[in-house]
Amino acid sequence: MTNSQLTPGIVPGRLGAEDYARNFSDIAPRLDAHEARVAADRCYFCHDAPCMTACPTSIDIPLFIRQIATGTPEAAAKTIFSQNILGGMCARVCPTETLCEEVCVREVAEGKPVEIGRLQRFATDTLMEKGSHPFHRAAATGKRIAVLGAGPAGLAAAHRLAMKGHDVVVYDPRPKAGGLNEYGIASYKSPGGFAEAEVDWLLKIGGITVQTGKSLGSGLTLDGLKADHDAVVLAIGLAGVNALRAEGEGLGNVLSAVDFIAGLRQEPDKAKLAIGRDVVVIGGGMTAVDAAVQSKLLGAENVTIVYRRGPEKMSASGHEQEHATSVGVRILHNAAPVRVIGNGAAREVEFAYTEDGPGGLKLKDETFLLKADQVMKAIGQTLDGAPEGLKIEGGKIAVTGAGRTSIPGVWAAGDCALGGEDLTVTAVAEGRDAAEDIHASLMG
């Protein structure tokens, strides 16, 4: 007998093959050439364009849209890649609705922005599908740089350093390069193995060696890397997972939402993935939304996101929250977990209502229960595995300027570094800028 949404427990195959194919297809398919020209024609090509200011990588958005409008998408792609070498993935996952598109003059005047993200994808996909690489390495400098972490920050740093003529070795603990682009993005945002293809394309610049299965404390030390390289970039992300600090957290089927998403990303046959009938996701960010939406798309009957504060405090954008509710996810606010209940494995979760006031968050006396055969923690990640001797501030690696740490010759970029928002596009900008600073330091 096949399983269904009503099957108790955690089981695979709750849906039919057509349902899985539809649920995990591309959520925002690429524009065709005609659609792109029409969308580009809506741009006013503003002087001092607010969209450029809002872009963490400072892409010349009016220029690349004009290039699309004039029928040269490959030139548009080079404009994008010159600032953001991971522009293909960023076109898919950037919260454009709160960045470039939010400040678009069309959005302000008409409530409908120029589709900057989709235009960026049209241009970058067009160039990448040709298989060529738009940049060339400078003459060899004889310098060798180590990059720890093959996520967006590490890859952006490695590419820019390789362009400058340096030799780069990228180390990563996982079997594949890509970091969160490979392991942490909702599958319907980046289907078809795009993350892996993007890494392969990026490496065509040459001069970059990727070594997987290696990290600090697992075959590598910072002192050893410093001795063997002219500079070191730490782009190690945030590997630790915050605790719920609730009774029963150690019960079975209480898992990290990050691990759930990573496992889902690496399984091509979604029917093989087991999911609960009643899933509760605790948190208010993009990870919580991605885990909850994909639980629903895998066939869970009831999926609930519970966040301890109000909707205005959720770090997931309003657009993403609306997407979650549109597929049937319920979002409850102002509630915090106090107890996971079950005999060996989770059966339900007890929540207390909360009050968020000037003195901070307080738990009220009134509580309620939610059925849960699967509980996912999406309450933020923490720095884990940072080398001794580094100055840590606010739970991250303290940096000055373009990523310089407290240890000479060591830079940090991306989520592990103190600074901007934890976004793919921000990590790319930080990796790129750290690379420029390293080059200036080594060649000055």
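Residues numbered from 1 in each chain as written. Predicted model: local features only at pLDDT ≥ 70, side-chain atom pairs only at ≥ 80, totals over all residues. Heavy atoms only, no water.

Draft legend 1. Broad picture of the overall build of the protein. What the protein contains, in helices and strands, is 16 helices and 21 strands. The C-alpha atoms of the protein give 23 Å as radius of gyration, which agrees with the globular expectation for 444 residues (22 Å, within 12%). Overall, the protein is about 65 × 55 × 50 Å in size when its C-alpha atoms are taken along their principal axes. Per-residue burial for the protein yields a buried fraction of 52% across its 444 residues. Partitioning the intrachain contacts of the protein with sequence separation of at least 6 by distance along the chain shows that 71% fall at a separation of at least 24. Accessible surface, the protein: about 19,100 Å² in total, of which carbon and sulfur atoms supply 50%. Charged side chains of the protein number 44 positive and 54 negative; the gap between the two group centres comes to 2 Å. (Helix = DSSP H or I, 4+ residues; strand = E, 2+ residues; numbered from the N terminus. Rg over C-alpha atoms; globule rule 2.2 N^0.38 Å. Buried < 20%, exposed > 50% of the residue type's maximum accessible area, 1.4 Å probe, protein only. Contact = heavy atoms within 4.5 Å. Areas by Shrake-Rupley, 256 points an atom, 1.4 Å probe, with all protein chains shown as cover. Lys, Arg positive; Asp, Glu negative; His and termini not counted. Charge placed at Lys NZ, Arg CZ, Asp CG, Glu CD.)

Draft legend 2. The arrangement of helix α9 (residues 152–163) in detail. Look at α9: 16 Å from first C-alpha to last across twelve residues, which is about the 16 Å you get at 1.5 Å a residue. With eleven of twelve residues buried, α9 lies mostly within the body of the structure. Buried within α9 we find Pro 152, Ala 153, Gly 154, Leu 155, Ala 156, Ala 157, Ala 158, His 159, Arg 160, Leu 161 and Ala 162. (Expected span 1.5 Å × (residues − 1).)

Draft legend 3. The sheet that holds strand β14 (residues 335–342), seen in detail. Read across the open sheet, the three strands follow the order β14-β15-β16; overall the sheet is antiparallel. Looking at strand neighbours, the two that pair on one side only are β14 and β16 (360–371), the edges of this open sheet. The sheet shows a mean angle of 25 degrees between the axes of neighbouring strands, direction not considered. Two elements, β14 and strand β15 (residues 346–357), share seven bridges in a ladder whose sense is antiparallel. The residue of β15 that forms the bridge with Pro 337 is Phe 351. (Pairing = 2+ DSSP bridges. Axes fitted to C-alpha atoms, helices over the stretch in contact; angles between N-to-C directions.)

Draft legend 4. Representation of the nonpolar core. Within the largest apolar cluster, 65 residues are counted, with the highest numbers of intra-cluster contacts made by Ile 61, Phe 64, Ile 65, Ile 68 and Leu 119. With residues up to four places along the chain from it excluded, the contact list for Phe 64 reads Ile 59, Ala 76, Thr 79, Ile 80, Ile 116, Leu 119 and Gln 120. Residues Leu 298, Val 329, Met 376 and Ala 378 belong to the second largest nonpolar core, which totals 30 residues. (Core = buried A, V, L, I, M, F, W, Y, C linked by side-chain atoms within 4.5 Å.)

Draft legend 5. Representation of the packing of aromatic side chains within the structure. Applying the stated criterion across every chain yields a total of three aromatic pairs. An angle of 40 degrees between the planes, with centres 4.6 Å apart, marks the rings of Phe 81 and Trp 201 as tilted. Linking Phe 81 in helix α5 (residues 73–81) with Trp 201 in helix α11 (residues 194–202), this pair joins segments that are 120 residues apart in sequence. One exposure class covers both Phe 81 and Trp 201, and it is buried. Note on Phe 351 and Phe 368: the rings are 5.5 Å apart at their centroids and 20 degrees apart in plane angle, and the pair reads as stacked. (Phe/Tyr/Trp six-rings, centres within 6.5 Å; stacked < 30°, edge-to-face > 60°.)

Draft legend 6. Main features of the packing of α9 against helix α16 (residues 424–443). One can describe the packing of α9 onto α16 by two numbers: an axis separation of 7 Å at closest approach and a directional angle of 35 degrees. Both α9 and α16 take part in a crossing whose hand is right-handed. In this structure, α9 uses Pro 152, Ala 153, Ala 156, Ala 157, Arg 160 and Leu 161 to contact α16, whose residues at the interface are Thr 424, Ala 427, Val 428, Gly 431, Arg 432, Ala 435, Glu 436 and Ile 438. Looking at the contact of α9 with α16 residue by residue, the class counts come to nine nonpolar, two polar and three charged. (Left-handed = near helix turned anticlockwise from the far one by under 90°. Nonpolar A, V, L, I, M, F, W, Y, C, P; charged D, E, K, R; others polar.)

Draft legend 7. Representation of the pattern of salt bridges in the model. What the rule picks out here adds up to 27 salt bridges. Lys 313 is the salt-bridge partner of Asp 356, the closest N and O atoms lying 2.9 Å from each other. You can see Asp 356 sitting in strand β15 and its partner Lys 313 sitting in the loop between β12 (302–306) and α15 (318–326), a full 43 residues away along the chain. By relative accessible area, Asp 356 is classed as partly exposed at 30%. (Salt bridge = Lys/Arg side-chain N within 4 Å of Asp/Glu carboxyl O.)

Draft legend 8. Inspection of the sheet that holds strand β17 (residues 374–377) at higher detail. Pairing within the open sheet is parallel, and its five strands lie in the order β9-β17-β11-β12-β13. Here the strands that pair on one side only, and so sit at the sheet edges, are β9 (254–256) and β13 (330–332). Shown here is a sheet whose adjacent strand axes are inclined to one another by a mean of 25 degrees, direction ignored. Judged from the three bridges that link them, β9 and β17 form a sheet pairing that is parallel. Bridging from a neighbouring strand, Leu 255 pairs with Met 376 of β17.

Draft legend 9. Quick look at the environment of Asp 228. For Asp 228, the position within the fold is in helix α12 (residues 222–228). When the C-alpha atoms of Asp 228 and Ala 146 are compared, they prove to be 8.6 Å apart, with 82 residues separating the residues in sequence.

Draft legend 10. Molecular detail of the packing of helix α2 (residues 33–40) against helix α4 (residues 61–69). Their axes nearest at 8 Å, the elements α2 and α4 cross at an angle of 130 degrees. By the angle between their directions, the pair α2 and α4 is classed as oblique. At the point where α2 passes α4, the crossing takes the left-handed sense. On α4, the residues that touch Ala 36, Arg 37 and Ala 40 of α2 are Ile 65, Ile 68 and Ala 69. Taken together, the residues that form the contact of α2 with α4 break down as five nonpolar, no polar and one charged. (Parallel < 35°, antiparallel > 145°, perpendicular 65-115°, else oblique.)

Draft legend 11. Expanded view of the side chain of Glu 348. Tracing the sequence through the fold places Glu 348 in strand β15. Among the residues examined, Glu 348 registers a relative accessible area of 18% and is labelled buried. Among all residues touching Glu 348, those that are not within four sequence positions of it are Arg 339, Val 340, Ile 341, Leu 369, Leu 370, Lys 371 and Ala 372.

Draft legend 12. Representation of α11. Looking at α11, one finds that the buried residues are Phe 194, Ala 195, Glu 198, Val 199, Trp 201 and Leu 202. Looking straight down α11, one finds its buried side chains confined to an arc of 160 degrees; they lie on one side. (Arc of directions from axis to C-beta.)

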